[in-house]
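Listed here are the chains, written in short residue letters.
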Amino acid sequence: MAKAAHYCKKCVLDSTTPGISISADTGLCQFCEKFTPLSPEKKEEYHARMDALLKSPKKQGKYDVIFALSGGVDSSYTLYRLKKEYPRLRILAVQFDNGFISETALQNAQNFCDLTKSTYLRLALDQSALRDTFSKAANSRDAYPGTAKYRASDICNTCISIIKQKIIELALTTKAPYIVFAFSPGQTDAPFVTLTKPFLVWMRKIFEGNLKAMGVTDRDAYLIDAQCIQPGSPEPEVTIIHPFLVWDYDKPAFKKECIRLGWIDPDLKDHNSSNCLLNAFAIKNHLDKYHIHSYAYDLAALVRQGNMKREDAQEKLHVDVTDASIDEVQRKLNL
Amino acid sequence: MQEPRKDILDFLKTQGFLNEKTVLQDNDSLSETGVIDSITLLQLIDFLESKYKIQIPVEMITPENFDTLAGISQSVMTLKNG
């Protein structure tokens, strides 16, 4: 008989998810029990640091910021606000074409680059090899550590890791001092990450290990160019910034603002992505393999922080297994 | 060295989903055994800085110092006893 689910009384995690325990005393999950909200002083400190970095960036190369732009609402808004608050920034906005980006997301990305006078780059890798890699991710088990499994599906972890590696490579080769990702406060805790060569070598090695565990043989195309971080190469002078850990994360408000600016809401049934057709399948694949909803941990964090209503998060966790995109993705991935 | 080691293990159990049954040796690679990834590592650094009131310099964050329980404990003690 299936074990009855005990829900955390604060967030959306429940006891049937592997690794989650709900205290009989407090009714809270282990994350809510240990949660300490960010103090206003700390937030102010982060804001001051972001201002100091972005108001007058060191002019080292052609761009000040390499920006990861999906064309979804979070990254479109971040690009707009970044340019509004720091108008002197020279931004290279990179949209990774994983072969499953919706036409609307492509259009949104280009429109927001025009609006913000940012340079647009569509980063496309070998589409057939990418499909094979996503297929291997879907068929893999435990290629990523426990922590990563809670943060994203195996497919999304693969996609975002490729994006990170290639964006870092672009920052190193163009001498851009900053990389900006529009991760939500549920997706990361660190507003600033300073990159060092040993750290990059280490991160490259870890992702190479993940790809190897999935059976991906041609891995170099997905990794930071080894020459950029080999002994004797210049020390990186790059900081990653996550603005949503500095700004308030009020998604309904900034979605409204984006729509006012011309952002088009795509007609996707998936509640968790406004840009990628792979997402619904990736969620289902992860649930089937690990019984973990790959958005539960992020959404729970947003609820815990007060950035999302509990019922809204619960609605997002509803999986529509009849979504037509799932069949289409399975076909494209030969699964 | 016992104190940071226990705190690190507690942190990994709550934040890193280190299975209760997993036995970690002091010199096991945390990244290769799948216990941490880059994001958990950053969370761990943040946790250690606030717990021990230390500043961990970025150049210290290397696999030699931060990929094993022994390395992390030693790094924390070095900075603490500064």
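Residues numbered from 1 in each chain as written. Chains lettered and ligands numbered in written order. Predicted model: local features only at pLDDT ≥ 70, side-chain atom pairs only at ≥ 80, totals over all residues.

Along chain B, the regular secondary structure elements total four helices and zero strands. Principal axes of the C-alpha set define a box for chain B whose edges measure 35 × 20 × 20 Å. Within chain B, the fraction of its 82 residues that count as buried is 32%. Partitioning the contacts of chain B with sequence separation of at least 6, the portion at a separation of at least 24 is 62%. (Helix = DSSP H or I, 4+ residues; strand = E, 2+ residues; numbered from the N terminus. Buried ≥ 20, exposed ≤ 12 C-beta atoms within 10 Å, placed from the backbone. Contact = placed C-beta atoms within 7 Å.)

The subject of this paragraph is the overall build of chain A. Broken down by element type, chain A carries 13 helices and six strands. In terms of C-alpha radius of gyration, chain A reaches 20 Å, essentially the compact-globule figure of 20 Å for 335 residues. Principal axes of the C-alpha set define a box for chain A whose edges measure 65 × 50 × 40 Å. Excluding contacts between residues fewer than 6 apart, the proportion of contacts in chain A whose partners are at least 24 apart in sequence is 77%. (Rg over C-alpha atoms; globule rule 2.2 N^0.38 Å.)

Let us look at the domain arrangement of chain A. Residues and elements named next belong to chain A. Under the domain assignment used here, chain A contains domain 1 (8-35) and domain 2 (38-332). Here domain 1 and domain 2 have C-alpha centroids that lie 27 Å from each other. Contact with domain 1, which involves ten residues of that partner, is made by 14 residues of domain 2. Residue classes in the side of domain 1 that touches domain 2 are distributed as seven nonpolar, two polar and one charged. (Domains from an automatic or database assignment. Nonpolar A, V, L, I, M, F, W, Y, C, P; charged D, E, K, R; others polar.)

By a widespread convention, an interface's size corresponds to the accessible area lost as its parts come together. Residue-level contacts link 20 residues of chain B with 21 residues of chain A. Here the side of chain B that touches chain A gets six residues from one element, more than from any other, and that element is helix α2 (residues 38-52) of chain B. Grouping the amino acids of the side of chain B that touches chain A by side-chain chemistry returns eight nonpolar, eight polar and four charged.

This part is about the nonpolar core. Residues and elements named next belong to chain A. Counting residues in each nonpolar core, the largest one holds 111 residues, and the members touching the most others are I66, F67, V94 and I179. If one sorts the elements of this core by residue count, helix α7 (residues 154-174) sits on top with ten residues. Shared between two domains, this core takes at least three residues from each, and those domains are domain 1 (8-35) and domain 2 (38-332). Beyond its immediate chain neighbours, meaning those up to four positions away, F67 contacts L79, I91, L92, A93, V94, S118 and V180. If you look at the next biggest cluster of nonpolar residues, it comprises five residues, including V73, Y77, F254 and W263. (Core = buried A, V, L, I, M, F, W, Y, C linked by C-beta atoms within 7 Å.)

This paragraph deals with helix α10 (residues 279-290) of chain A. Residue and element names in this part refer to chain A. If you check α10, its first and last C-alpha atoms are 16 Å apart, about what twelve residues at 1.5 Å a residue would give, namely 16 Å. The set of residues buried in α10 consists of N279, A280, F281, A282, I283, K284, N285 and H286. Elements in contact with the buried residues of α10: α5 (127-139), α7 and α13 (324-332). In the segment just after α10, H291 is the residue with positive phi, at about 60 degrees. (Expected span 1.5 Å × (residues − 1).)

Residues and elements named next belong to chain A. Secondary-structure assignment places L115 in helix α4 (residues 103-116). With 15 C-beta atoms counted inside 10 Å, the residue L115 sits in the partly exposed group. In sequence terms L115 and P266 are 151 residues apart; their C-alpha atoms lie 19 Å from each other. Those residues in contact with L115 that sit more than four places away from it in its chain are Y80 and L261.

Now for α7 of chain A. All names here are of chain A. For α7, which comprises 21 residues, the first-to-last C-alpha distance of 30 Å matches the rise-based estimate of 30 Å (1.5 Å per residue) to within 8%. With 16 of 21 residues buried, α7 is to be regarded as a mostly interior element. Residue K175 follows α7 closely and has a positive phi angle near 60 degrees.

Moving on to the sheet that holds strand β4 (residues 178-180) of chain A. For sheets, the rule is that strands pair by backbone hydrogen bonds, running either parallel or antiparallel. All names here are of chain A. The strand order across the open sheet formed by six strands is β3-β2-β1-β4-β6-β5, and the pairing between neighbours is mixed. The strands lining the two open edges of the sheet, one partner per strand, are β3 (119-124) and β5 (192-195). Across the sheet, the axes of successive neighbouring strands diverge by a mean angle of 25 degrees, strand direction being ignored. Two elements, β5 and strand β6 (residues 238-241), share four bridges in a ladder whose sense is antiparallel. Residue pairing in the sheet places L195 in a bridge with V238 of β6. (Pairing = 2+ DSSP bridges. Axes fitted to C-alpha atoms, helices over the stretch in contact; angles between N-to-C directions.)

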